[in-house]
Amino acid sequence: GDVSDIMTVAVAPRARRAGLGARMLDELLTRSRAAGAERVILEVRADNAAALALYADAGFTTVRTRRGYYRNPGSDPVDALVLRARTQQAGAA
């Protein structure tokens, strides 16, 4: 279809800060473009600063907030941010 939905991008803690997340995201965006997707969407925890920076660098912008979406026992709920990028712009940075 015209929309690609990224479900999970994860890097093991000991391998972080080496550019692996950016490389995986770039590959996902390349495959989305090749498959004909015009837009890519994903959700991210509002408190995940590293992921938010990664996605912003790749051209994603926030289109919606899901208040209190993530709930863990014993802690306050955390919002989910729905991000979107057009495939022609995503990953160009």
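Now for a description of the structure that goes with this document. (Residues numbered from 1 in each chain as written. Predicted model: local features only at pLDDT ≥ 70, side-chain atom pairs only at ≥ 80, totals over all residues. Heavy atoms only, no water.)

Describing the nonpolar core
Here's step 1: Counting 13 residues, the largest nonpolar core has Leu-25, Leu-29, Leu-42, Val-44, Tyr-55, Phe-60 and Leu-83 as the members making the most contacts within it.
Here's step 2: Among the elements of the structure, α1 (20-34), β2 (39-45), α2 (49-57) and β4 (78-86) are those that each provide at least two residues to this core.
Here's step 3: Other than its neighbours up to four places away in sequence, Tyr-55 contacts Val-9, Leu-25, Leu-42, Val-44, Phe-60 and Leu-83. (Core = buried A, V, L, I, M, F, W, Y, C linked by side-chain atoms within 4.5 Å. Buried < 20%, exposed > 50% of the residue type's maximum accessible area, 1.4 Å probe, protein only. Helix = DSSP H or I, 4+ residues; strand = E, 2+ residues; numbered from the N terminus. Contact = heavy atoms within 4.5 Å.)

Considering unusual backbone geometry
Here's step 1: One non-glycine residue, Arg-17, lies in positive phi territory at about 70°.
Here's step 2: Tracing the backbone shows Arg-17 in the loop between β1 (3-5) and α1.
Here's step 3: Arg-17 gets classed as exposed once you look at its relative accessible area, which sits at 86%.

Brief notes about the sheet that holds β4
Here's step 1: What the four strands build is an open sheet, ordered β1-β2-β4-β3; its pairing is mixed. Single-partner strands in this sheet number two, and they are β1 and β3 (61-70). Neighbour-to-neighbour, the strand axes of this sheet turn through a mean angle of 25°, independent of strand direction.
Here's step 2: Of the strand pairs in this sheet, β1 and β2 are connected by three bridges, and their pairing is parallel. Across the sheet, the residue bridging to Ser-4 is Val-40, located in β2.
Here's step 3: In the packing of α2 onto the sheet, the strands contacted are β2 and β4, and the crossing angle to β2 comes to about 165°. (Pairing = 2+ DSSP bridges. Axes fitted to C-alpha atoms, helices over the stretch in contact; angles between N-to-C directions.)

Concerning the side chain of Ser-32
Here's step 1: Note on placement: Ser-32 falls in helix α1.
Here's step 2: A relative accessible area of 6% places Ser-32 in the buried class.
Here's step 3: Excluding its chain neighbours within four sequence positions, the residues that come into contact with Ser-32 are Ser-4, Ala-37, Val-40 and Thr-87.

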